[in-house]
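Chain residues, written in single-letter form:
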Amino acid sequence: MFKDIVSNEEAKSFLINELKNGKKEGTYIFYGEDKELLMKFALSFMKALNCKNEEFDFCDRCESCLRVNTLTHGDLEIIEDENGVKVESIREIGRIASSATYEGGNRVFIIKDCEKLKKESANALLKMIEEPEEGNFFILLSKNLNLLPTIKSRATIVKIKNRSPEDFGITLREYKFFLGKGKDIEEYKKYDLDIEEAYPYENIEEPIQNYIKLKKELLENKDSEIEKGLIENKIKFYKGLINLYKNIEYIDIAERISLGEKISFSCENDKITAMEICDYLCHFIKDFNKLEKIMKIKNKMGSNISLKLMFRVLISEL
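A quick note: this is a predicted structure, and the numbers were derived from the prediction, not measured.

A. Representation of the packing of aromatic side chains. For the coordinates displayed, the defined rule picks out 16 aromatic pairs. Between phenylalanine 177 and phenylalanine 178 the ring centres are 4.9 Å apart and the planes differ by 80 degrees, which places this aromatic pair in the edge-to-face class. Geometrically, the ring pair formed by tyrosine 238 and tyrosine 280 is stacked, given 4.1 Å between the ring centres and 15 degrees between the ring planes. Taken together, the residues span a long stretch of sequence, with tyrosine 238 in helix α11 (residues 224-247) and tyrosine 280 in helix α13 (residues 271-282) at a distance of 42 residues.

So, in C-alpha cells, the structure goes:
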C-alpha cells in the first residue's frame, strides 16, 4: 500500500487523490534524483490503477499486483535506454497504445531517463501524449525537468524527493557515504555491511572489475550472494575513492594520470559504472571552476569522449 512507502507523504497523497478522481487516461512526470524511488512510485501507481482488492490503493497480494512486482504484467511497458530512448521505441509505444489492452484494465507505459531524450524522440512523444486513448497512462521518469515545455504542459508533474537519513534509519555519515542513493543504502542495511575499514586506492581496480563482473552475472541469476557481492565491491571502491581523495596532495601528476588510466581500463567501457565513479569523485570537489570543467567532460560521455581522458582530467583536478 502507499502508506508502506517510507517518505514523500505529499506525493503519495496526491496520487491517491488522482485515483479518487477516476481519471481514464493521463500523462505524468515523476522527477527526482533517486532513480530507484522514481521507479518504485511508478510501479506503485501502476498497481493501484489495476489492483483487484483496493479501490484507491494497491494490496500487493492480488494476481495483478504480484505480476507488476515481477514485471510480468501484460499491460505494463517499461522503456529504457541509457543514452535516451530512441524515436523508433517511442513510435512502437504509439502502436501498442492504439491496440486493445491484454488484461482489460489500464495500460501503463513507464519511460525512463526522459531528461536524455533527443529532439526527435521528444517530438514523437509529444504527439503521442497530446490525446492519449482511454485506458493508457504514460509515466515519464526524469532526473530533472529538462524536458520540452510542451511535454511538461501536457503532463501532471510529481516531485519525488530523496529519502532522508531518518527515513532509512541510518546516520548522516552513512547517508553521505552512499550519496543518499536509496538502493545502495537498502542493500547495505540488508546485508549488514561495514563502511568503517579503509580500502587502499592503489588496489581500486579489483573491486571495480569484480563489481562489473557481478553486475553481468546478476542479469542471468538473481542470487542473493551475487547481490551481496555487488554491494560489497561497490563499498570497497567507494572506500578506495575516499582514500584517494584523502591522499591526493601526496600523489604527483604522473601517478594521477596513471591511476585515471587504470580506473578507465577497469570500467571496461561500462559507462554506467564509470558515471557512478565520476559522480562519487565530483562530490569531493569544492572549487566551482574545476567542477564546471569536469561536468562539461562528463556530459560528453554519450559522445566519442574516452573514459581514459575523462578520468585523467578528473583525478588531475582533485
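And the narrative resumes.
B. Region of the structure containing α11. If you check α11, its first and last C-alpha atoms are 35 Å apart, about what 24 residues at 1.5 Å a residue would give, namely 34 Å. One side-chain oxygen at the N-terminal end of α11 lies 2.8 Å from the backbone nitrogen of glutamate 225; it belongs to aspartate 223.

C. Geometry of the environment of proline 149. Following the sequence through the fold, proline 149 ends up in helix α6 (residues 149-153). Proline 149 sits in the exposed class, given a relative accessible area of 59%. Expressed as a C-alpha distance, the spacing of proline 149 and glycine 180, which sit 31 residues apart in the sequence, is 29 Å.

D. Inspection of the packing of helix α10 (residues 205-220) against α11 at higher detail. Orientation of α10 relative to α11, taken along the N-to-C sense of each, is 155 degrees, at an axis distance of 8 Å. Put simply, α10 runs roughly antiparallel to α11. Between α10 and α11 lies a crossing of left-handed hand. For the pair formed by α10 and α11, the contact residues are Pro207, Ile208, Asn210, Tyr211, Leu214, Lys215, Glu217 and Leu218 on the first element and Ile226, Glu227, Gly229, Leu230, Asn233, Lys234, Lys236 and Phe237 on the second. In terms of residue class, the contact of α10 with α11 is built from 8 nonpolar, 3 polar and 5 charged.

Analysis parameters
- Residues numbered from 1 in each chain as written.
- Predicted model: local features only at pLDDT ≥ 70, side-chain atom pairs only at ≥ 80, totals over all residues.
- Heavy atoms only, no water.
- Phe/Tyr/Trp six-rings, centres within 6.5 Å; stacked < 30°, edge-to-face > 60°.
- Helix = DSSP H or I, 4+ residues; strand = E, 2+ residues; numbered from the N terminus.
- Expected span 1.5 Å × (residues − 1).
- Polar contact = N/O pair within 3.5 Å; in protein donor to acceptor, adjacent residues only side chain to side chain.
- Buried < 20%, exposed > 50% of the residue type's maximum accessible area, 1.4 Å probe, protein only.
- Axes fitted to C-alpha atoms, helices over the stretch in contact; angles between N-to-C directions.
- Parallel < 35°, antiparallel > 145°, perpendicular 65-115°, else oblique.
- Left-handed = near helix turned anticlockwise from the far one by under 90°.
- Contact = heavy atoms within 4.5 Å.
- Nonpolar A, V, L, I, M, F, W, Y, C, P; charged D, E, K, R; others polar.

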